[in-house]
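Each chain, letter by letter, is given below.
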Amino acid sequence: MTAGTSIRQRLFFQLAGIAALLSVAFFLVVQVVAERAAEGTQDDILSASAIAIADSLRSEESGVTLELPYSALSMLSTINEDRVFYRVVAAGETLTGYEDLPLPDETPQLGLPTFETLSYRGDEVRSVSVVRAVGPATNLQNVVVTVAQTRLGLEAISRRITATATGVGAGFFLVATALSLWAANLALRPIDRMTGAVTRRGPKDLRPVLAETPTELAPLLEAINSFMGRLRASLTRTEDFIAEAAHRVRTPLATVRAQAEVTHRKLQKPEHKQAIREMIRAIDESSRSAEQMLDHAMVTFRADSLAVEQLNLSALVEETCERLKPTADIRDIAIRTKAPDEPLMFEGDSILLQAALQNIIDNAIKYSPEDSEITVRVDAGADLRLTVSDQGRGFGAGDHSKLTTRFERGGNVGNIVGSGLGLTIADEVARVHGGTLEIGNNPEGVGACVSLVLPRL
Amino acid sequence: MRFPCLAASLIAFLSLSVASAAFEIEDQRLYTADPERSVLKIISTADLDVFDPILIAFQAENPGLSIDYTVTGTSDLMKAIYVDGAQFDLAISSAMDLQTKLANDGFLSSYASPVAADLPDWAIWRDQVFAFTQEPAVLLVSEAFFGDDPAPTNRDELIALLRESPERFQGRIGTYDVRRSGFGYLVATQDSRNSEAFWRLMEVMGRLDAKLYCCSGEMIRDVAEGRLALAYNVLGSYAASQKTTTDGFRIIEMTDFVNVMLRTVVIPQGSENVEAAQAMVDFLLQLNERPDLVAASGLPAIDASKFQANASLRPIRFGPGLLVFLDQLKRRNFLRNWENSLVQE
Ligand SMILES: Nc1ncnc2c1ncn2[C@@H]1O[C@H](COP(=O)(O)OP(=O)(O)OP(=O)(O)O)[C@@H](O)[C@H]1O
Ligand SMILES: [Mg+2]
């Protein structure tokens, strides 16, 4: 998976992008609304001032006159320490105030203040103008009152609002981004969970995945499970086929071997007898291979779904040795067992453990000279150890780690019949029980020493 | 100390449209530094003998600075900066309204003084007008006239007293001629805003043939020498410093309200030695830390605790309100009313 196609990243960037958009929108809205409000406040005070001035206009014989109300200008100091300008114009003549203060472009209508923003004496000012008719009915005069104020207070307010809006917007963005990250992770957690459920499995665990998944992932999980089902079926079929094939080969081989032996007895000529002996040997090899393949298939199959039970290792060893005694007796080999008296409990598959032990002891018998001794020891230390040592030829020098691979036989076998699967079986059994198989030469003298090491509960 | 006698051209000047002759210099002194590194040009309405100790102390803190100190009246100071565009680094004036107008109309440069934080916020306006003294307008009564009698403590009592025995006070009360005195005009207009009693008082004083003065000094002298029974709206700071050398009068702060004028310093836009000007502003704003200078000059430093101690003290507030009585029509109307009340020929 490349970084460009990470759902997490895409989800995160999309959410963060939305948060950024919202933050900016929030910032702009607050800015506009607050500035309107502040401007509105200044406009209201300015018109109140202009109206107060207009209201105090009087007409005398000499013309229009004005008694500038103190409050008209002092009220303008409520916003800030802003500069204030005013001008009263009657019939085109400036009655009082700042003569150069610009009048509105259009004469305002009666009762309707006009607002303007303009530059005056080096500052931006907001100006309001109102008109009032003054004088006797015969000689009504329109008097224009203009009041203007700089906008420093407004700018200060606007700066404050900008700072606040920026802070809140940025804070919102940061929080939203953090939440996006969290949300993206949360949304993808089922995928992680599923991945974990699949990766944690052993290489041969092909059971369906039962992890809880959201509906969106259910089809994927179903696909995985159905795929694993098919895989398992196919594997089982293969193993069945091997077992079946081995079985089918073994039975006719037994017949052929019996016939060959009868023939061998009847034949006189030594070269003919030799040919038949070689034939018998080949038949033995094939038969052994088939037998071991069958065993191996059995082990593979059982390992898939281990039938775990409480078992007594000492009893298991005793039993296996008993079973192999006749084979050993033929070659005058004695099997000695050394096991503790008390039962040694272990949780495992007894059939598999028997198969493993049987293969190890079988080797010891096979590769030992006649009239020798085999020791089978059961030790309970940090681990449980089933050790089989013999007085045979041993493994020789060099690397014998390969001997646990399938069909791998040692260079020391001579003409002893075998298929190279015995240690493979023992090794697999050790591993499905969480243990190991240790192969080596007998540290105290001649012979091989093979241990099945199982973990203690 | 000298108090401004406004020139006859005041009204023309206040309309600010008529060009007039150059401003009048009343006094000037150069405090030369040796070696001289820069010059600070100050235009001020405060007399040399008042400001001399402050200037010398400031120069001592700023070696290499020469000070060119020019004394003029309040309206001449205004004219110098507003109309003539004369170049000064600092302008010091007792006319709060005119200084406010300079700031409002854009003739001053701003300075965010680091010592401003220690001052009450009514002492600074727009970072352009800095108040460094607080000087109340008080009532002076003559010891010779009142003797052990209690003196009036508020305007209503004063009016009642004057009405009670007009014959005693006939021709023996004094106040500012607001047509000639900038300070007189400022406190009179503030009085008129604060109390209805003001116009009644002017009425009564007019009937008693009040004498009109241009300056506090003469009023104090006439009260001390018993020619006047009382003088209304005298500059308290000056009276207090006179009291140390002259007897014969009492200073009374009215209990209804006392207008407190703030003497201000500003930095005009044309200032060529802004650094020294700002240093001087800081120096003046910290006048309260120099009791020696306060004593030597007789200028009371800004002290907000005085206002907390005496609720009737009211600092005249900066702001566009001060521009109202500078309006030509307003001024004309006010003077007309004042003349109608007080000058009853
Ligand atoms: N006890 C032993 N002593 C000496 N060599 C041994 C012993 N056990 C195993 N080996 C060596 O390890 C090799 C692998 O053993 P493994 O049991 O897998 O195969 P095998 O015995 O040859 O065939 P089979 O499948 O019939 O048992 C043997 O071929 C032999 O060389
Ligand atoms: Mg073997």
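For the structure itself, look to the data block above.
Summarised in this report is the structure supplied together with it. On a predicted model such as this, the values are computed, not experimentally measured, just so you know.

Rules used throughout
Residues numbered from 1 in each chain as written. Chains lettered and ligands numbered in written order. Predicted model: local features only at pLDDT ≥ 70, side-chain atom pairs only at ≥ 80, totals over all residues. Heavy atoms only, no water. Pairing = 2+ DSSP bridges. Helix = DSSP H or I, 4+ residues; strand = E, 2+ residues; numbered from the N terminus. Core = buried A, V, L, I, M, F, W, Y, C linked by side-chain atoms within 4.5 Å. Buried < 20%, exposed > 50% of the residue type's maximum accessible area, 1.4 Å probe, protein only. Contact = heavy atoms within 4.5 Å. Patch = residues over 30% accessible without salt bridge, like charges linked within 9 Å, V, L, I, M, F, W, Y side chains within 5 Å. Areas by Shrake-Rupley, 256 points an atom, 1.4 Å probe, with all protein chains shown as cover. Salt bridge = Lys/Arg side-chain N within 4 Å of Asp/Glu carboxyl O. Lys, Arg positive; Asp, Glu negative; His and termini not counted. Charge placed at Lys NZ, Arg CZ, Asp CG, Glu CD. Axes fitted to C-alpha atoms, helices over the stretch in contact; angles between N-to-C directions. Near = heavy atom within 4 Å. Polar contact = N/O pair within 3.5 Å; in protein donor to acceptor, adjacent residues only side chain to side chain. 1 Å grid on protein atoms, 1.4 Å probe; cavity = no way out; pocket = protein on both sides within 12 Å on 5 of 7 lines; lining within 4 Å. Sits in = over half its atoms within 2 Å of the grid points. Buried area = accessible area lost by both parts, 1.4 Å probe. Parallel < 35°, antiparallel > 145°, perpendicular 65-115°, else oblique. Left-handed = near helix turned anticlockwise from the far one by under 90°. Nonpolar A, V, L, I, M, F, W, Y, C, P; charged D, E, K, R; others polar.

## Quick word on the pairing of strand β13 (residues 436–441) of chain A
All names here are of chain A.
- Pairing of β13 with strand β14 (residues 448–455), which is carried by six bridges, proceeds in the antiparallel orientation. When the bridges of β14 are listed, Leu437 appears paired with Leu452.
- Hairpin remark: β13 followed by β14, antiparallel, with six residues in the connecting loop; positive phi at Gly445, about 105°.

## As for the nonpolar core
- Membership of the largest hydrophobic core comes to 153 residues, with the highest contact counts inside it found for Phe51, Phe169 and Met280 of chain B.
- Aside from chain neighbours lying at most four places away, what touches Phe51 of chain B is Ala46, Tyr69, Ile92, Phe132, Met280, Leu284 and Leu299 of chain B.
- Core analysis: the next-biggest nonpolar cluster, separate from the first, contains 38 residues, Leu313, Cys321, Ile335 and Ala448 of chain A among them.

## Regarding a negative patch on the surface
Residue and element names in this part refer to chain A.
- A cluster of acidic side chains, namely Asp329, Asp332, Glu370 and Asp371, defines a negative patch on the protein surface.
- Tracing the chain through its elements places Glu370 in the loop between α7 (350–366) and β11 (373–380).
- Under the relative-accessibility criterion, Glu370 is labelled exposed at 53%.

## As for the pairing of strand β4 (residues 90–93) of chain B
Residue and element names in this part refer to chain B.
- Residues of β4 alternate between two faces, with Leu90 and Ile92 on one and Ala91 and Ser93 on the opposite face, all of them buried.
- In terms of strand pairing, β4 meets strand β11 (residues 258–266) through three bridges, oriented antiparallel. In the strand pairing of β11, Ala91 is matched with Val266.

## Overview of the sheet that holds strand β12 (residues 383–389) of chain A
All names here are of chain A.
- In spatial order, the strands read β9-β11-β12-β14-β13; together these five strands make up an open sheet with mixed pairing. The open sheet has two free edges, formed respectively by β9 (334–338) and β13, since each of these has just one partner strand. Across this sheet, the average inter-strand angle for adjacent strands is 15°, counted without regard to direction.
- When β12 meets β14, the two strands line up antiparallel, connected through seven bridges. Across the sheet, residue Val388 finds its bridge partner in β14, namely Val450.

## Structural notes on the site of ligand 1
All names here are of chain A.
- Within the structure, ligand 1 sits among 22 residues, and Arg288, Asn363, Arg409, Asn412 and Ser419 are positioned closest to it.
- One of the side-chain nitrogen or oxygen atoms of Arg409 is found 2.6 Å away from an oxygen atom of ligand 1.
- Contact between ligand 1 and Gly422: an oxygen atom at 3.2 Å from a main-chain N or O atom of the residue.
- Notes on ligand 1: free accessible area 590 Å², of which the protein chains cover 99%.
- More than half of the atoms belonging to ligand 1 lie within 2 Å of the grid points that define the largest pocket.
- Of all the secondary-structure elements, those providing two or more residues to the shell around ligand 1 are α5 (270–304), α7 and α8 (422–432).
- With three residues, the top contributor of residues to the shell around ligand 1 is α7.

## What about the interface of chain B and chain A?
- With 24 residues of chain B at the contact, the number on the chain A side is 24 residues.
- Per-residue buried area on chain B facing chain A is highest for Arg126, Pro320 and Leu329 of chain B; these three make up 27% of the total on that side.
- Our count for the chain B to chain A interface comes out at one salt bridge.
- Its salt-bridge partner being Glu67 of chain A, residue Lys330 of chain B comes within 3.0 Å of it at the nearest N-O pair.
- Taken together, the links from chain B to chain A amount to 15 residue pairs in polar contact (both at pLDDT 80 or more).
- Mapped by element, the contributors of at least two residues to the side of chain B that touches chain A are α4 (96–104), β5 (124–125), α15 (321–324) and α16 (328–342) of chain B.

## Some points on the packing of helix α2 (residues 48–61) of chain B against helix α12 (residues 274–285) of chain B
All names here are of chain B.
- In the contact formed by α2 and α12, the axes pass within 11 Å of each other and the chain directions differ by 120°. With respect to α12, the axis of α2 lies oblique. Between α2 and α12 lies a crossing whose hand is right-handed. For the pair α2 and α12, the contacting residues are Phe51, Ile54, Leu55, Ala57, Phe58 and Glu61 in the first and Ala276, Ala279, Met280, Phe283 and Leu284 in the second.
- A per-class count over the contact of α2 with α12 returns 10 nonpolar, no polar and one charged.

## Let's talk about the packing of helix α4 (residues 218–266) of chain A against α5 of chain A
All names here are of chain A.
- Close contact between α4 and α5 brings their axes to 8 Å; oriented N to C, the two are set at 155°. The angle between α4 and α5 places the two elements in the roughly antiparallel class. Crossing hand, α4 versus α5: left-handed.
- Partitioned by chemical class, the residues of the contact of α4 with α5 number 15 nonpolar, six polar and nine charged.

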